[in-house]
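The lines below spell out each chain.
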Amino acid sequence: MAKNHFNNWRTRAKKRFRFFAGDQWEDADKKYLQEQLRPAPTFNLVAPHVNAVVGMEIGNRQEFRYLPREEGDQASSDILNQAASWIRDSCDAEFEESQVFFDMLICGMGWSQMRVDFDEDSEGKVRIVQIDPLRKWWDPSSVKPNLIDRRYDFTEVRLDLSEVKALFPGYDGEWSGRVFSTASTDAVDSAVEPDESKDRYAGENDSSRSGEWLRRKIPVLEYAFYRWEPRYRVDLPDGSVVMGEDKFKVLKNTITTIPLRPVPDDEEELREGVIYYLKTQKKVYYKAWFNGDNLIDGPAKNNDPNSFTDHCVTGWINKADNYWHGLLEPLVDPQDWANKMFSQILHTVNTNTKGGAFAFEDAFLNPKKAEQDYARPNALVLIKHPPGGGSISEVIRERVPAPYPQGMAEILNFCITIMPRVDGINFELLGLAAKDQPGVLEHMRKQAGMTILATLFDSLRHYRILEGRSLVYFIKRYVGIERLKRLVAFKDQEFVESLYIPGHDRFDVQIEESPSSPNRKELNFAVMTQ
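Worth saying up front: this structure is predicted, and the values here are computed from it rather than measured. (Residues numbered from 1 in each chain as written. Predicted model: local features only at pLDDT ≥ 70, side-chain atom pairs only at ≥ 80, totals over all residues. Heavy atoms only, no water.)

## Here's the deal with the overall build of the chain
In step 1: In terms of regular secondary structure, the chain is built from 19 helices and 16 strands.
In step 2: Across the 530 residues of the chain, 42% fall into the buried class.
In step 3: Accessible surface for the chain amounts to roughly 30000 Å². Of this, 52% is attributable to carbon and sulfur atoms. (Helix = DSSP H or I, 4+ residues; strand = E, 2+ residues; numbered from the N terminus. Buried < 20%, exposed > 50% of the residue type's maximum accessible area, 1.4 Å probe, protein only. Areas by Shrake-Rupley, 256 points an atom, 1.4 Å probe, with all protein chains shown as cover.)

Structure below.
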């Protein structure tokens, strides 16, 4: 099961989110320092690196555009672009996608879901929403970017008892408070069972403990998967037709005068007066809903039966264990050692001798007052005459502080300066290059930094293309002809119905990225006008 395979990944992903937020000390290390009365300082040096890459994406936002494959397909592409722009604007898709990209930089995976909601619009509102990656499980055998080779995935949603009863009225079994029937995943989720003497599902306002309201909600797992189902391409006299198993059985029982046979392997065996068919297998996508191990609804066909509607953008994969990680991962060790080394330096400085003296018991007139005033530069410390008229140094000798270890500062400086080398984000990309240099050189160094990050932005581009393919089906299925005619320009209204021609999205339209942010549009315009 995916839940067992990814326990370690989910635990590490939670630590990475805490690490980015500044909670960078392990509990055991922090407890040890507290017991030793030592400081546990944190100077968050990784946040600017991640925020710089997120800023690049925000400042140079892209969106997918539908482009015509041939000259006569321009009207269809314009209709899809206008509908997609309306959908994305109404659900703030660009902001959701930026959050997806941020999640990927932190833990290696970012998720979004395309769905239809009827709570705001009775005709249905298509939405693209970000999903917490810590609430996802997926096929552990998938290794391709953006998990395009996965066979299934789970999404955990936590709801109040009243909500689950309204959403799943057909289920009359007992509701479980666990994500799965076993406790392994719940330990990772920190889903501690609440006190049984209380109302477990009373809602989020009945407890003042932080996070307790979430633990009191009922976990529902949305299971997305596909099945291989037979498809038949039948070569009828008036053209080829593709149909499913049920329609093929009806056709087979209807046609009795003409033989219906499978396509032979050898073309020489083809005969006239025979209808041939080719049997193939097609992926059909479904969803089902579980509480624990109990099926509470489904399986039912997915909103888009031709693909998953949960889309993922991935970072880099460690193929030794199939764990995904993002930009933050290589920065953890340098930041961790910088924190520990700085704490050690503070401890060394605080504990090294600062002043003090070796003295005989009767060297001072008032030893207690001398101890209090010895380090004060303006204090008057009274001492007794040395015996035999000797010098003061014979009865009082100052303590010499231990020398400061020079290597500690060098190690700290190494941990800080190594960060741009491990993630490839140089000081020019961070905007922290504190030196005078030609603008051309600075631009070239920024371009070099972007080249190192190209794989991450390539995953984001692939994610948008996958999202654009799904959106074509949503536009045709859930927006509908009437709303499309109201959305598009008057000159394109007569072409709306052409979108519903079978195979239109495969043969007439291609998907590509296009700039959406003002910065990127201005840059592209400057290039075109040079």
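## With respect to the pattern of salt bridges
In step 1: Going through the model one piece at a time under the given rule, you end up with 23 salt bridges.
In step 2: A salt bridge links arginine 115 to aspartate 117; the nearest nitrogen and oxygen atoms lie 3.5 Å apart.
In step 3: In this structure aspartate 117 comes out as buried when scored by relative accessible area, which is 14%.
In step 4: Of the charged contacts, one joins aspartate 153 and lysine 136 as a salt bridge, the two residues approaching to 3.1 Å between their closest N and O atoms. Here lysine 136 lies in strand E4 (residues 136–138) and aspartate 153 lies in strand E5 (residues 152–159), a separation of 17 residues in the sequence. Of the two residues, aspartate 153 and lysine 136, both sit in the buried class. (Salt bridge = Lys/Arg side-chain N within 4 Å of Asp/Glu carboxyl O.)

## Quick look at the pairing of strand E6 (residues 218–236)
In step 1: Both E5 and E6 contribute to a ladder of eight bridges, which runs antiparallel. The residue of E6 that forms the bridge with glutamate 156 is leucine 221.
In step 2: As paired elements, E6 and strand E9 (residues 275–291) share 14 bridges and run antiparallel to each other. Within E9, the residue paired with glutamate 229 across the bridge is lysine 282.
In step 3: Connecting E6 to the next strand, strand E7 (residues 239–243), in antiparallel fashion are two residues. (Pairing = 2+ DSSP bridges.)

## What about the confidence of the model for the chain?
In step 1: The share of residues in the chain with pLDDT of 70 or more is 85%, and the mean pLDDT across the chain is 81.
In step 2: Counted against residues more than four places away or in other chains, residues 183–210, with its pLDDT under 50, gives 57 contacts. (pLDDT = per-residue confidence, 0-100. Contact = heavy atoms within 4.5 Å.)

## Quick notes on the nonpolar core
In step 1: Ranked by size, the top nonpolar core spans 28 residues in total, and within it Val50, Val53, Leu105 and Leu328 carry the most contacts.
In step 2: Looking at this core, the elements that each hand over two or more residues are helix H2 (7–21), helix H4 (46–59), helix H6 (93–107), helix H15 (427–430) and helix H17 (454–487).
In step 3: Ignoring any residue separated from it by four or fewer positions in sequence, one finds leucine 105 in contact with Val50, Val53, Val54, Gly326, Leu327, Leu328 and Leu456.
In step 4: Of all hydrophobic cores here, the second largest spans 24 residues; its members include Phe64, Val472, Tyr478 and Ile511. (Core = buried A, V, L, I, M, F, W, Y, C linked by side-chain atoms within 4.5 Å.)

## Focus on unusual backbone geometry
In step 1: Geometrically, the link from glycine 298 to proline 299 is a cis peptide bond, its omega value of 0 degrees lying close to zero.
In step 2: Structurally, the position occupied by proline 299 is in strand E10 (residues 294–301).
In step 3: Backbone geometry at leucine 37 places phi at a positive 55 degrees, although glycine is not the residue there.
In step 4: The topology assignment puts leucine 37 in the loop between helix H3 (27–35) and H4.

## Considering the packing of H4 against H17
Each packed pair of helices is defined by two parameters, the angle between the axes and the distance between the axes.
In step 1: At their nearest, the axes of H4 and H17 sit 12 Å apart, and the two run at 40 degrees to each other. As the angle between them shows, H4 and H17 are arranged oblique. Judged by the twist between their axes, the crossing of H4 over H17 is right-handed. Mapping the contact onto sequence places Val53, Met56 and Glu57 in H4 and Phe457, Leu460 and Arg464 in H17.
In step 2: Among the residues forming the contact of H4 with H17, the class breakdown is four nonpolar, no polar and two charged. (Axes fitted to C-alpha atoms, helices over the stretch in contact; angles between N-to-C directions. Parallel < 35°, antiparallel > 145°, perpendicular 65-115°, else oblique. Left-handed = near helix turned anticlockwise from the far one by under 90°. Nonpolar A, V, L, I, M, F, W, Y, C, P; charged D, E, K, R; others polar.)

## Here's the deal with the sheet that holds strand E11 (residues 310–314)
In step 1: Pairing is antiparallel in the open sheet, where three strands are placed in the order E3-E2-E11. Only two strands of the sheet have a single neighbouring strand rather than two, namely strand E3 (125–131) and E11. Between one strand and the next, the sheet's axes are offset by a mean angle of 20 degrees, whatever the strand orientation.
In step 2: Bridge count between strand E2 (residues 109–117) and E3: seven bridges; the pairing is antiparallel. Pairing of serine 112 across the sheet is with glutamine 130, part of E3.

## Structural notes on helix H11 (residues 332–351)
In step 1: Helix length check: H11, at 20 residues, gives a terminal C-alpha distance of 28 Å against a target of 28 Å (1.5 Å per residue), a fit within 8%.
In step 2: Within H11 the residues assigned to the buried category are Val332, Pro334, Gln335, Asp336, Ala338, Asn339, Met341, Ser343, Ile345 and Thr348. (Expected span 1.5 Å × (residues − 1).)

## Here we look at the packing of helix H5 (residues 74–91) against H17
In step 1: Contact geometry of H5 with H17 gives a least axis separation of 9 Å together with a crossing angle of 95 degrees. On the basis of the axis angle, H5 is roughly perpendicular to H17. Residue-level contacts link Ile79, Leu80, Gln82, Ala83, Ala84, Trp86, Ile87 and Arg88 of H5 to Glu467, Leu471, Val472, Ile475, Val479, Arg483, Leu484 and Leu487 of H17.
In step 2: Residues belonging to the contact of H5 with H17 are distributed by class as follows: twelve nonpolar, one polar and three charged.

## What about the environment of isoleucine 416?
In step 1: Mapping isoleucine 416 onto the fold places it in helix H13 (residues 406–417).
In step 2: Residue classification places isoleucine 416 among the partly exposed residues on the basis of a relative accessible area of 37%.
In step 3: Sequence separation of isoleucine 416 and leucine 331 is 85 residues, and the distance between their C-alpha atoms is 10.0 Å.
In step 4: When residues no more than four places from it in sequence are discounted, the contact partners of isoleucine 416 are Leu45 and Ala338.

## Concerning the pairing of E9
In step 1: Relative to E9, strand E8 (residues 260–262) runs parallel, the two being bridged by three bridges. Paired with leucine 260 across the two strands is isoleucine 275, which belongs to E9.
In step 2: Note: E9 against E10, five bridges, orientation antiparallel. Following the sheet pairing, tryptophan 289 is matched in E10 by aspartate 297.
In step 3: Linking E9 to E10, which pair antiparallel, is a turn of two residues; within it glycine 292 sits at a positive phi near 65 degrees.

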